[in-house]
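The chain contents come next:
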Amino acid sequence: MRREEERAEILDRCLERMRLGEDPERVLEEHPEAAEEIRPLLVLAEELASRPAPAPAGEGLVRSLIRMAADPAARPARPRRARGGLLNLRVWARAAVLVLAVFLAGWGAVSASANAVAGDILYPVKRFAENVRFFLTVSPDEKAELRISFSAERLREAVRKMQRGEGVDEDLLREMLEEARKAMDGIERMPAGSREILALRAAHLSDYQRETLDRLRARGGEREEKVLRSYRDLCGRRGSWMREVLSGGRGPGPDGARPGNGNRLRRWRERCPGRPGGCR
Amino acid sequence: MGEDPPQPLVEEARKRDPAALAALCTRLYPDLVRYMRYRVDREDAEDLAGEVLVRVLRSIDGQTGSLPAWVFTIAGNVVKDHYRRRGSTREEAMSERIEGLPDRGRGEEESVNRRIDLEEAVARLTGDQREVVALRFAQGLSTAEAARVMERSPGAVRVLQFRALSALREILGGGR
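About the criteria used
- Residues numbered from 1 in each chain as written.
- Chains lettered and ligands numbered in written order.
- Predicted model: local features only at pLDDT ≥ 70, side-chain atom pairs only at ≥ 80, totals over all residues.
- Helix = DSSP H or I, 4+ residues; strand = E, 2+ residues; numbered from the N terminus.
- Buried ≥ 20, exposed ≤ 12 C-beta atoms within 10 Å, placed from the backbone.
- Contact = placed C-beta atoms within 7 Å.
- Core = buried A, V, L, I, M, F, W, Y, C linked by C-beta atoms within 7 Å.
- Domains from an automatic or database assignment.

Take the overall build of chain B next. Looking only at helices and strands, chain B has 10 helices and zero strands in total. The secondary structure elements of chain B, listed N-terminal to C-terminal, are α-α-α-α-α-α-α-α-α-α. Across the 176 residues of chain B, 44% fall into the buried class.

Moving on: the overall build of chain A. Each helix and strand in chain A was counted, giving 12 helices and zero strands. Ordered by position in the sequence, the α and β elements of chain A form the string α-α-α-α-α-α-α-α-α-α-α-α. In chain A, buried positions account for 32% of the 280 residues. Here the analysis covers contacts within chain A between residues at least 6 apart in sequence; of these, 53% occur between residues at least 24 apart.

Residues and elements named next belong to chain A. With respect to the helices, strands and loops of the structure, Arg 269 is situated in helix α12 (residues 262-270). Here Arg 269 falls in the buried class, since 21 other C-beta atoms lie within 10 Å of it. Distance in space between the C-alpha atoms of Arg 269 and Glu 188 is 9.1 Å, their sequence separation being 81 residues. If we ignore the near neighbours within four places in the chain, the residues touching Arg 269 are Met 184 and Ile 187.

Counting buried positions along helix α9 (residues 143-150) of chain B gives seven out of eight residues, so the element sits mostly inside the fold. Residues of α9 of chain B that are buried make contact with α1 (3-19) of chain A together with α4 (67-86), α8 (127-138) and α10 (154-171) of chain B.

Residues and elements named next belong to chain B. With a phi angle near 55 degrees, Glu 151 is a residue other than glycine that sits in the positive phi range. Within the secondary structure, Glu 151 sits in the loop between α9 and α10. The class of Glu 151 is exposed, set by 9 C-beta atoms lying within 10 Å.

Counting residues in each nonpolar core, the largest one holds 73 residues, and the members touching the most others are Leu 32, Ala 49, Val 52, Leu 53 and Val 133 of chain B. With 13 residues, helix α2 (residues 18-39) of chain B is the largest single contributor of residues to this core. The residues that make up this core include at least three from each of domain 1 (3-49) and domain 2 (58-138) of chain A. Residues in contact with Leu 53 of chain B, not counting those within four places in the same chain, are Leu 61 and Ser 64 of chain A together with Cys 25, Leu 28, Tyr 29 and Leu 32 of chain B. Leu 155, Val 168, Leu 173 and Ala 203 of chain A belong to the second-largest nonpolar core, a separate cluster that totals 27 residues.

In C-alpha cells, the structure reads:
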C-alpha cells in the first residue's frame, strides 16, 4: 500500500470514530508514525464540521418553486372544471406552493417592507412578495384586482419619493400605467358582470391617478413638470378608454373599435393609450 | 446532513403527500445551501439549492436507498449543469472569487502573515476536493455515502479527503 493511501486510511478511521463520538487517539496509538501528520488534519476536519450553517433567506427556494409551479407541466392535461387554485395543479406543484406558504409565513421582512419605496433596502422584498402573491392568485378577477392595487401602489411610491425630495421617478409612473393596462388582459374572457366591474374600477383608478398627478408640483424644473403632465394626460385618456368597455358594444371604442365581443374587445385592448404600439 | 429526516416523513414524501414534501423540503433546504456554499459562488448558492429541491419534488416517488446520498447526487448534477451553463469549469469559477488572495508562489512571507479565512481556503481547493469536504464535513455523510454520491470507490474518496485536508493545512500556513 502506498504511503498516501495508508495515511488516507488512518485518517478515515479516525474521522469515522469522531463521527460516532469516539476518541480517535486509539487509532493513532496504533500508528504513532502517522500521528504528527494526522492530528492537525483532524483539528481542521472538526473545525469544518463545526462551522455554523448559513441562515438561508429562502429567496432561492421561493424563486425556484414559483418557476416550478408556473411551469405548464405543473398543470394536468385536463384541468378539473369548477375547481380553482391548488387543485388545478399537479401534486408536486401543489407541494411547491405549500413549501412557499411555509417560507412566506415566517418571512417577517415582507410585512416590514410594506412602506418601502424604490431605493430602500426592503423594496426588493416588497416587490418580490407582490410577485408571489400574484402567482398564488388563480382567479382572473382577483389577478386583475391585484394589478389595480399594484398600479395604485406605484403611484403612492412615486408621490412618497417626491415628498422626500427625490424627484419624479418616471420608472414608477411607467409601471403604474403598465400594471393598470395589464389588469385589462384577458377581460374578453370574463363574464359580462365581472368585466364591467373591472372596467369601472380601472377607470376610477385612472381618474384618481390623473387628479393626483395634476396636484403634484415637481421641484426639478421644467423637464420634471413636463413628465408629470404627460403622465397626467395619459391617465386622463386611459380613463376614457377604460369606459369604452362599459358601452358593451353600443358605442365605438377608440379609433372606431367596438368593445362588444371577444375579438373587438381584444382589438380595443390593443389600442390602450400609453401601451407600446398602442395609440398615444 | 444536520439530522436525517425521519423515515415516516420520507415514506409519506415518496407517496407524494404534499404536506410531507413541504416538510421535507423545509428540512433539506438549509443543508443544500450549506453544500452549495462549498461548491459555487455565494450568490448562486440559494438559487441552486432551490433547483435541487425542484428536482427532488419531481422525482421523489422513484427514490430508493439512502435519501441523503440521493439528494446530494442530484445536488452534484445541479452544480455540473450550473458550470456547464456558464461554460466554465468549477475551478475557474471559484478562482474568480478568490482573485484577491495572495499568490502563494510569490510573496510567501506576506501570504503566511495574512489571515486567510477557512472559507477562502476551501475555495482554493480543486472542485473534487471541495465536494468531498462539503459531503464529509459540512453534511456529515459517511465515506461510503460520499463515494456513492461522487461515483468513486471508497478508497478514492479517502485519498481525496486526505489530500483536501492536507491542502487546506498548507493553504492556512500549517500552523492552525
